[in-house]
Amino acid sequence: MISTWSFPTRILHGEGAVELVGAEARSLGGRRALIVTDPGVRAAGLLTRIEASLDAAGIAYEVFDGVSSNPLEAEALSGAAAFRDAGADMILGVGGGSPLDVSKLVRLLAAHRPPLEQYDDARGGAEKITEPMPPLVTIPTTAGTGSEVGRSAVVTIQATNKKTVIFSPRLLADVAILDPELTLGMPPHITAATGMDALTHCFEAYCAKGHHPMADAIALAGLELAGRHLERAFRDGNDVEARSAMLEASMMGAVAFQKGLGACHSMAHPLSTEFGIHHGLANALCLPSVIEFNRVVAQARIARAARALGVRESDVETLAFECAGAVRKLRQTLGLPGGLAEVGVPEEALPRLAELAFEDPCHANNPRACTVDDFLSLYKSAY
Ligand SMILES: NC(=O)c1ccc[n+]([C@@H]2O[C@H](COP(=O)([O-])OP(=O)(O)OC[C@H]3O[C@@H](n4cnc5c(N)ncnc54)[C@H](O)[C@@H]3O)[C@@H](O)[C@H]2O)c1
Ligand SMILES: [Fe+2]
């Protein structure tokens, strides 16, 4: 079998890196940018330094902030209309995963026709993403999705009401700017939930099927960074070293999951579309059950992951056994709910959720094959 390994994004990382955005936009040939963001990011004042840098570089800009958490197809279409109305020639995605994903979709729609359903990765949509697209710079303000370096955009498609992954290497940002100062003001509950998304990406990528030694190494190192710094960033939002490490872990998780994700993401997606649960929180609720389910086929990897998360046991079997408990303990330390019942999911919804999780493509890479019945048991165990 032939594998494809690719690490192409230019990444600028460090305190104050955001001030380079004007120069970067210029070197990409931009003259008029559309900033794609959300109202929370705007209200937190996170655009100020970006706008100043664009002003200094002589780049005109307009702001589109019509993105919600768990973005909808209609929002991407509005963003694309804003891009056209502004006469923009490049896109700056600024925010958490939601605005960053929409920034990629605006880029896609700048050169491709709607509806978005036709680009669904699960239906071979990547092949339809062929036209040259405007440049894209991504600037994360959460440390979770790693969407700034990812090849995918997740969007709820109108026709199906399903979280749908649109994937193409052509959607990769030209430049990602990682500035920990932009994440300092993130409230503790968002720090916790987004951080658990980053941790889950590293975990699932490391355990995913497939041969990708580079992604494995990055995932394991990212897991270690998240294990050491997530609690610190949660306890003291101004701990810039912890914020910086979490941005690295988040970015590394997304670089690593080019290898694939797993059953936890398949379980998380319907929890967001059916019940509006934040994506990172949904992963945090499901991950320990998935670790227990996968342990019979991936003991050695789960043991290494446990060690990266700080579990101190010597033999592989005990390490793997302790892993799910360590994630549950971290979840509790971060003040996150401990089960689906606590976030208001009714028990009678579990069979339907199991069907939807089974239809989600992420579990194709899970180390252990999952049936609908397995997903039902997994949801019950996460309840
Ligand atoms: N593209 C991918 O590969 C990928 C991977 C995982 C998740 N996702 C998607 O990403 C989305 C979730 O992204 P997210 O977890 O980053 O959350 P988000 O982008 O939805 O943001 C959550 C909230 O945090 C606020 N916020 C963001 N940065 C802030 C800051 N610095 N200070 C204060 N408030 C801030 C936002 O305004 C918003 O209200 C989901 O739609 C999920 O499906 C995409
Ligand atoms: Fe995720």
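Here, residues in each chain are numbered from 1, in the same order as that chain's written sequence. Chain labels run from A onward and ligand labels from 1 onward, assigned in the order the entries are written. Two thresholds apply to this predicted model, a pLDDT of at least 70 for residue-level local features and 80 or more for giving and counting side-chain atom pairs, whereas whole-chain, interface and lining totals are computed over all residues.

Q: So, the site of ligand 1: which residues are in play, and what are the values?
A: Taken together, 33 residues lie near ligand 1, and Gly40, Ser69, Gly96, Gly97 and Ser98 sit nearest. Put simply, DSSP H or I for four residues or longer makes a helix, DSSP E for two residues or longer makes a strand, and each gets a number counted from the N terminus. Elements with a contribution of two residues or more to the shell around ligand 1: α2 (39-43), α5 (97-109), β6 (152-157), α6 (188-207) and α10 (279-294). The element best represented in the shell around ligand 1 is α5, accounting for four residues. Note on residue categories: nonpolar means Ala, Val, Leu, Ile, Met, Phe, Trp, Tyr, Cys or Pro, charged means Asp, Glu, Lys or Arg, and polar means any other residue, Gly included. When grouped by side-chain class, the residues that make up the shell around ligand 1 number eleven nonpolar, 19 polar and three charged. Here the limits of each domain have been adopted from an automatic or database domain assignment. For the shell around ligand 1, the domains that each give at least three residues are domain 1 (10-183) and domain 2 (188-381). The C-beta atom of each residue is placed using the backbone, and any residue whose C-beta lies within 6 Å of a molecule or strand is treated as near it.

Q: An account of the sheet that holds strand β8 (residues 175-178) is needed here, citing residue identities and associated values.
A: Note on pairing: two strands pair once DSSP finds at least 2 bridges between them. The strand order β1-β8-β5-β4-β2-β3 describes an open sheet built from six strands, whose pairing is parallel. The open sheet has two edge strands, β1 (10-13) and β3 (60-64), and neither has a second partner. Neighbour to neighbour, the strand axes of the sheet diverge by 20° on average, direction disregarded. For the purpose of contact definition, each residue receives a C-beta atom placed from its backbone, and two residues are in contact when these atoms lie within 7 Å. To obtain an axis, a line is fitted to C-alpha atoms, over the contacting stretch when the element is a helix, and the angle between two such axes runs from 0 to 180 degrees between their N-to-C directions. With respect to the sheet, α5 is in contact with β2 (32-36), β4 (90-95) and β5 (136-140), its orientation differing from that of β4 by roughly 165°.

Q: Give a description of the packing of α6 against helix α11 (residues 299-308) that names residues and reports values.
A: A pair of packed helices can be characterised by two numbers: the angle between their axes and the separation between those axes. Across the interface, α6 lies against α11 with an axial gap of 10 Å and an inter-helix angle of 150°. Overall, the two elements α6 and α11 adopt an arrangement that is roughly antiparallel. Viewed along their axes, α6 and α11 form a crossing whose handedness is right-handed. Contacts from Phe203, Tyr206 and Cys207 in α6 reach Arg301, Ile302 and Ala305 in α11. Here the angle decides the label: under 35 degrees means roughly parallel, over 145 means roughly antiparallel, 65 to 115 means roughly perpendicular, and every other value means oblique. Crossing handedness is read from the near helix: turned anticlockwise from the far helix by less than a right angle, it gives a left-handed crossing, and turned clockwise, a right-handed one.

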